[in-house]
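Each chain is listed here by its residues.
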Amino acid sequence: MWGGRFADGPAAVMREINASIPFDKRMWRQDIAGSKAHAAMLGAAGILSTADAKTISEGLDAVAADYERDGVPDDLALEDIHMLTEARLAEKIGPAAGRLHTARSRNDQVATDFRLWVRDAIDQVGTALGALQDALIARAGEHADAVMPGFTHLQSAQPVTLGHHLMAYHDMIARDRSRFADNRARMNRCPLGAAALAGTSFPINRDATAAALGFDGPTSNSLDSVSDRDFALDYLMAATQCALHLSRLAEEFVIWASQPFGFVAMSDQWSTGSSIMPQKRNPDAAELVRGHAGRIAGCMTALVITMKGLPLAYSKDMQDDKPPVFEAHDLLALSIAAMTGMVQTARFRTDRMRALAESGFATATDLADWLVREAGVPFREAHHITGRAVKAAEDAGIGLDTLPIETLKGIDDRIDERVYDVLSVDASVASRTSHGGTSPVRVREAIAAARAARAGEKK
């Protein structure tokens, strides 16, 4: 390719370090699509003859069929998917293939292909996350009334419902989907036609290629067009946040599946055994989702560091933009699929959840609130009174709801028998009727709204 300028070929190590075909070959569909759009535009603009444009398009289809059937070979001499495709096209149609690169550089070509690939990746992730949302909604609907302990600092805090807990993750995933959607909308401008960095003197129609490839329009600055990787960083940052949410849910499954908690029994599909301890059922799928989050965050950091000091416009460092995006996407897709499967098949032990909710004085805040509401006690004083009641129950080895009224009156004579209406875990969760609260009424409303939103998306 460099024969007009260089007398000698590259050293073996240079050939290997310079080649990106081992990883960028996965963009072959995007490369074919971009080249077909470019050829069609060149023909329509009269830059290529109608015959050459047609021959090139048909030749690209033939190359695509070869790739689909046989895969893409790792030809290091041709460096990347762009040069490989051009070489294969020349084998198919002869000299006309050399006209395809008119008014185009590999700089704008790769920027376009990569945007197309990331856009497709965002669509795939959006679909997968939608399936995870559906799984969370379904399981939350089954357990809208199931009482469990809510935690802060991993200590029993206040009772909530399992449905409410699962819907918290639904809302996290909804925000993740919105981040990917924002990324897609922001990146949907076409770099093709920016050429190497300065545009081209040929009378090209950038609006036509942008429209043919499903972009909202062309990018506005040729320098930025070939050097921008914001879209890849946006994808990695959204992927990292999503992976963190998946990791938090995975961590809860790991904790809940442990014998001291016993909140969930993982299905055989998402568990493994031990090579030496036959009794073990290990939540390895959840642990791997948790581990993948670190690797995805590492991919994001890698591209941030690659891009941080690059002057305009294109630099060869940017060849390393794709591996972290590809790796993160593959890991995220696996994590979403695994987490969806775990949510769908988990057997939640709601009896165990209720027992633990009842054992941790989780309705203490309800006693304090009752004192404020019914006895007019300032909250700070009510907090102190409730602390004494908790200590009395702890010393007696019983729950707050079974503490004798005489004991409660001995702590503060403003307490009367009505207090027992709020001291059970069921009464506690039922009372949390504020918007977004854990009351089963509110949980069912949230589930209904989420189902309606998903139904609207699927139309």
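That block above? That's the structure.
Residues numbered from 1 in each chain as written. Predicted model: local features only at pLDDT ≥ 70, side-chain atom pairs only at ≥ 80, totals over all residues. Heavy atoms only, no water.

S.K.: How would you summarise the overall build of the chain if you had to cite specific residues and measurements?
M.R.: Tallying secondary structure elements over the chain gives 18 helices and four strands in all. Relative to the compact-globule value of 23 Å for 459 residues, the chain shows a C-alpha radius of gyration of 30 Å, a clear excess of over 25%. Based on the C-alpha atoms only, the size of the chain along its principal axes is roughly 100 × 55 × 40 Å. Counting all 459 residues of the chain, 47% fall into the buried class. As displayed, the chain offers around 21,400 Å² of accessible surface, 54% of which is attributable to carbon and sulfur atoms. Taken together, the 50 basic and 60 acidic charged side chains of the chain have centroids lying 1 Å from each other. (Helix = DSSP H or I, 4+ residues; strand = E, 2+ residues; numbered from the N terminus. Rg over C-alpha atoms; globule rule 2.2 N^0.38 Å. Buried < 20%, exposed > 50% of the residue type's maximum accessible area, 1.4 Å probe, protein only. Areas by Shrake-Rupley, 256 points an atom, 1.4 Å probe, with all protein chains shown as cover. Lys, Arg positive; Asp, Glu negative; His and termini not counted. Charge placed at Lys NZ, Arg CZ, Asp CG, Glu CD.)

S.K.: Lay out a nonpolar patch on the surface in plain terms, naming residues and giving numbers.
M.R.: A cluster of nonpolar side chains, contributed by Leu 197, Leu 223 and Leu 312, occupies part of the molecular surface with about 270 Å² of accessible area. Structurally, Leu 197 is set in the loop between α7 (162–187) and α8 (206–212). Relative accessible area serves as the criterion here: at 39%, Leu 197 is assigned to the partly exposed category. (Patch = residues over 30% accessible without salt bridge, like charges linked within 9 Å, V, L, I, M, F, W, Y side chains within 5 Å. Salt bridge = Lys/Arg side-chain N within 4 Å of Asp/Glu carboxyl O.)

S.K.: Run through the packing of aromatic side chains, naming residues and quoting values.
M.R.: Tallied over the entire structure, the rule returns 11 aromatic pairs. With centroids separated by 6.5 Å and ring planes inclined at 75°, the aromatic side chains of Trp 256 and Phe 348 adopt a geometry described as edge-to-face. Remark: Phe 348 occurs in strand β4 (residues 347–348) and Trp 256 occurs in helix α10 (residues 230–257); sequence separation between them is 92 residues. Neither Trp 256 nor Phe 348 differs from the other in exposure class; each is buried. Members of the aromatic cluster, joined through ring pairs, are Phe 151, Phe 253, Trp 256, Phe 261, Phe 263 and Phe 348. Residue placement shows Arg 119 over the ring face of Phe 215; its charged tip is 4.8 Å from the ring centre. Directly above the ring of Phe 114 sits Lys 322, whose terminal nitrogen or CZ lies 5.3 Å from the centroid. (Phe/Tyr/Trp six-rings, centres within 6.5 Å; stacked < 30°, edge-to-face > 60°. Lys NZ or Arg CZ within 6 Å of the ring centre and 35° of its normal.)

S.K.: Now, about the packing of helix α6 (residues 106–142) against helix α18 (residues 440–458): what can you tell me, with residues and values included?
M.R.: One way to put it is that α6 packs onto α18 with a least axis distance of 10 Å and a crossing angle of 150°. When the interaxial angle is binned, α6 and α18 end up roughly antiparallel. As α6 runs across α18, the sense of the crossing is left-handed. For the pair formed by α6 and α18, the contact residues are Gly 130, Ala 131, Gln 133, Asp 134, Ile 137, Ala 138, Ala 140 and Gly 141 on the first element and Ile 447, Ala 450, Arg 451, Arg 454 and Lys 458 on the second. Residues of the contact of α6 with α18, tallied by class, amount to six nonpolar, three polar and four charged. (Axes fitted to C-alpha atoms, helices over the stretch in contact; angles between N-to-C directions. Parallel < 35°, antiparallel > 145°, perpendicular 65-115°, else oblique. Left-handed = near helix turned anticlockwise from the far one by under 90°. Contact = heavy atoms within 4.5 Å. Nonpolar A, V, L, I, M, F, W, Y, C, P; charged D, E, K, R; others polar.)

S.K.: Tell me what's going on with the nonpolar core, and back it up with residues and numbers.
M.R.: Residues Phe 180, Tyr 235, Phe 253 and Leu 332 are the most contacted members of the largest nonpolar core, which totals 71 residues. Of all elements in the fold, only α6, α7, α10, α11 (284–307), α12 (322–345) and α18 reach the threshold of two or more residues within this core. Contact partners of Phe 253, with chain neighbours within four places excluded, come to Val 264, Met 266, Ala 286, Met 339, Met 342, Val 343, Ala 346 and Phe 348. Within the second largest apolar cluster, 21 residues are counted, among which are Ile 56, Leu 60, Ala 64 and Tyr 67. (Core = buried A, V, L, I, M, F, W, Y, C linked by side-chain atoms within 4.5 Å.)

S.K.: Any details on helix α14 (residues 364–375)? Residues and values, ideally.
M.R.: In an α-helix, one full turn covers 3.6 residues, which means residues spaced three or four apart are oriented alike. The first and last C-alpha atoms of α14 sit 16 Å apart over 12 residues, in line with the 16 Å expected at 1.5 Å per residue. Phi turns positive, to about 70°, at Gly 376, one or two residues after α14. (Expected span 1.5 Å × (residues − 1).)

S.K.: Residues and numbers for the pattern of salt bridges, please.
M.R.: With the rule as written, the count across this model stands at 37 salt bridges. In this structure, Lys 25 and Asp 74 form a salt bridge, with 2.8 Å as the shortest nitrogen-oxygen distance. On the criterion of sequence distance, the pair formed by Lys 25 in the loop between α2 (21–24) and α3 (28–44) and Asp 74 in the loop between α4 (50–70) and α5 (81–93) is long-range, its members being 49 residues apart. The class of Asp 74 is partly exposed, set by a relative accessible area of 45%. Where Arg 414 meets Asp 412, a salt bridge forms, and the shortest distance between an N and an O atom there is 2.9 Å. On the basis of relative accessible area, Arg 414 is assigned to the partly exposed category, the value being 33%.

S.K.: Which residues make up the side chain of Arg 229, and what values do they have?
M.R.: On the secondary structure map, Arg 229 appears in the loop between α9 (222–227) and α10. From its side chain, Arg 229 meets the backbone oxygen of Val 226 in a polar contact 3.4 Å long. With residues near it in sequence (within four places) discarded, Arg 229 still touches Val 110, Ala 111, Phe 114, Met 307, Tyr 314, Met 318 and Asp 321. (Polar contact = N/O pair within 3.5 Å; in protein donor to acceptor, adjacent residues only side chain to side chain.)

S.K.: Account for the side chain of Asn 18, naming residues and giving values.
M.R.: Within the fold, Asn 18 resides in helix α1 (residues 12–18). By relative accessible area, which is 15% here, Asn 18 ends up buried. Apart from the residues lying within four places of it in its own chain, the contact partners of Asn 18 are Glu 79, Lys 316 and Gln 319.

S.K.: Help me get a handle on the pairing of strand β1 (residues 147–152), residues and values and all.
M.R.: Here β1 pairs with strand β2 (residues 155–161) via six bridges, running antiparallel. Within β2, the residue paired with Gly 150 across the bridge is Gln 158. Counting the residues in the hairpin turn of β1 and β2 gives two residues, including His 153, whose phi is positive at 60°. (Pairing = 2+ DSSP bridges.)

S.K.: How would you sum up unusual backbone geometry? Please name residues and give values.
M.R.: In this chain, Leu 312 is followed by Ala 313 through a cis amide linkage whose omega measures 5°. Relative to the helices and strands, Ala 313 resides in the loop between α11 and α12. With phi around 60°, Ala 103 is a residue other than glycine that occupies positive phi space. Inspection of the secondary structure assignment puts Ala 103 in the loop between α5 and α6. The phi dihedral of Ala 195 falls on the positive side, at around 60°, and the residue is not glycine. Note on Ala 195: relative accessible area 8%, which makes it buried.

S.K.: How would you summarise the environment of Leu 78 if you had to cite specific residues and measurements?
M.R.: Here Leu 78 lies in the loop between α4 and α5. When the C-alpha positions of Leu 78 and Gly 436 are compared, they lie 58 Å apart, and in sequence the two are 358 residues distant.

Remember that the coordinates give geometry; whether it matters functionally is a separate question.
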